[in-house]
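# Architecture and fold: a report
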Amino acid sequence: MELYLDTADVAAIKRLAAILPIKGVTTNPSIVAKSGKPIFDLLAELQDLLGADKLLFAQVLSHTAKEMIKEAEQLRKVVPSIVTKIPVNAEGLIAIKELTKQGIPTLGTAVYGAGQGFLAALAGAKYIAPYVNRIDAQGGNSKETVYELQTLLDLHCPESMVLAASFRTPRQALDCMLAGCQSITLPVDVAELFIADPAVDAAVAKFDQDWCGAFGALRY
């Protein structure tokens, strides 16, 4: 199981990496734009923060296969181990096939259907990213989509992995993992919801109260 953070917030990554066993960080154009930093400077900073043993993902901006491939090569000059995110459309599938031939790892992104994601895997994408909350927002069933996609990969493309993305709640992430998904990427607010639960704080406070009532202070 691989856990990623979907953010470019350096402070948040530092804070959560100390708590969670993260495998790396995923970004997209909106996340990079929110950071306000030039992308190549940002990616270099993020990779330095993560270290050599963790993965960093960045997405192309171009709309043609030729330009997507060129961008992927540019990104790898900054971070040689980077995984390039490619939208799964006709041009994106061409780019994924060519980058796979070159040994450049890719993630098929903006996936809304199991068949669409499966095509990205057949083209050679290492990771496939279904947009969980966006599927649900459009009236789809993200849990069923992820299950179908994972089943297709298990049967026909075991070298590829579902990397589920676009979460609004911890429940959505849990449903993906229960469907067999081997990797997920969480936005900071959802990751924090997994960690912080008012009921836990209330339980600990009650233990403290009972202990102090009996022994006067929190010590053995």
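Naming follows an unreviewed UniProt entry, where the protein appears as Fructose-6-phosphate aldolase of Gilliamella apicola. One UniProt comment on the protein, placed under Catalytic activity (unreviewed entry), says "beta-D-fructose 6-phosphate = dihydroxyacetone + D-glyceraldehyde 3-phosphate".

## Focus: the packing of aromatic side chains
Aromatic ring pairs are defined here through the distance separating the ring centres and the angle between the ring planes. All told, the structure shown has six aromatic pairs when counted by the stated rule. Ring centres of Tyr112 and Tyr131 lie 5.6 Å apart, and the angle between their planes is 75°; on these two criteria the pair is classed as edge-to-face. Here Tyr131 lies in the loop between β6 (127–130) and α7 (132–137) and Tyr112 lies in the loop between β5 (106–111) and α6 (114–123), a separation of 19 residues in the sequence. We classify Tyr112 as partly exposed; its relative accessible area is 32%. Judged by centre distance (5.9 Å) and plane angle (90°), the ring pair of Trp211 and Tyr220 falls under edge-to-face. Trp211 gets classed as partly exposed once you look at its relative accessible area, which sits at 31%. Its relative accessible area of 94% is what places Tyr220 among the exposed residues.

## Thoughts on unusual backbone geometry
Comment: phi is negative for the bulk of residues other than glycine, and the bulk of peptide bonds are trans. Phi is positive for Ala110, which is not a glycine, with a value near 60°. Its place among the elements puts Ala110 in strand β5. Of note in this structure, Ser166 is not a glycine but carries a positive phi near 65°. Note that Ser166 resides in the loop between β7 (161–164) and α9 (170–178). Its relative accessible area of 19% is what places Ser166 among the buried residues.

## Some words on the pattern of salt bridges
Opposite charge on two side chains permits pairing when their charged atoms draw close. A complete count under the given rule lists six salt bridges for this structure. The partner of Glu45 in a salt bridge is Lys37, with the nearest N and O atoms 2.9 Å apart. Residue classification places Glu45 among the partly exposed residues on the basis of a relative accessible area of 33%. The partner of Lys54 in a salt bridge is Asp53, with the nearest N and O atoms 3.5 Å apart. Several salt bridges converge on common partners, so that one network encompasses Lys143, Arg171 and Asp175.

## Focus: helix α11 (residues 198–215)
Along its 18 residues, α11 runs 26 Å from first to last C-alpha, staying within 8% of the 26 Å computed at 1.5 Å per residue. By the N-cap criterion, in which a side-chain oxygen at the helix start approaches the backbone nitrogen of a residue two or three places on, α11 is capped by Asp197, the distance to Ala199 being 2.9 Å. One or two residues past the end of α11 sits Gly216, with phi positive at roughly 90°.

## Some details on helix α1 (residues 10–17)
If you check which residues of α1 are buried, you get Val10, Ala12, Ile13 and Leu16. The buried residues of α1 occupy an angular sector of 160° when projected down its axis, which confines them to one face. In α1, those exposed residues whose orientation departs by more than 90 degrees from the buried face are Ala11 and Lys14. Looking at the packing, one finds that the buried side of α1 touches β1 (2–6), β2 (24–26), α3 (39–50) and α10 (188–195). Sitting at the head of α1, Asp9 places a side-chain oxygen 3.1 Å from the backbone nitrogen of Ala11.

## Examining the layout of surface pockets
Of the pockets and cavities examined, the largest pocket occupies roughly 730 Å³. Lining the largest pocket are 29 residues, and of these Asp6, Asn28, Ser30, Ile31 and Pro187 lie nearest its centre. Contributions of two or more residues to the lining of the largest pocket are made by α2 (29–35), β5, α7 and α10. Considering every element that reaches the lining of the largest pocket, the biggest residue donor is α2, with five residues. For the lining of the largest pocket, the class distribution of residues is twelve nonpolar, ten polar and seven charged. Of the voids in this model, the second largest pocket is the one considered here, and its volume is about 170 Å³. Of all the elements in the fold, those that place two or more residues in the lining of the second largest pocket are α2, α3, β3 (55–59) and α4 (65–78). Ranked by residue count, the leading element in the lining of the second largest pocket is α4, at three residues. Taken together, the residues of the lining of the second largest pocket sort by class into seven nonpolar, four polar and one charged.

Quick notes on the rules
Residues numbered from 1 in each chain as written. Predicted model: local features only at pLDDT ≥ 70, side-chain atom pairs only at ≥ 80, totals over all residues. Heavy atoms only, no water. UniProt positions renumbered as here; feature names shortened; annotations may be inferred. Phe/Tyr/Trp six-rings, centres within 6.5 Å; stacked < 30°, edge-to-face > 60°. Helix = DSSP H or I, 4+ residues; strand = E, 2+ residues; numbered from the N terminus. Buried < 20%, exposed > 50% of the residue type's maximum accessible area, 1.4 Å probe, protein only. Salt bridge = Lys/Arg side-chain N within 4 Å of Asp/Glu carboxyl O. Expected span 1.5 Å × (residues − 1). Polar contact = N/O pair within 3.5 Å; in protein donor to acceptor, adjacent residues only side chain to side chain. Arc of directions from axis to C-beta. Contact = heavy atoms within 4.5 Å. 1 Å grid on protein atoms, 1.4 Å probe; cavity = no way out; pocket = protein on both sides within 12 Å on 5 of 7 lines; lining within 4 Å. Points joined across faces, edges and corners; volume = space filled by probe spheres on them. Nonpolar A, V, L, I, M, F, W, Y, C, P; charged D, E, K, R; others polar.

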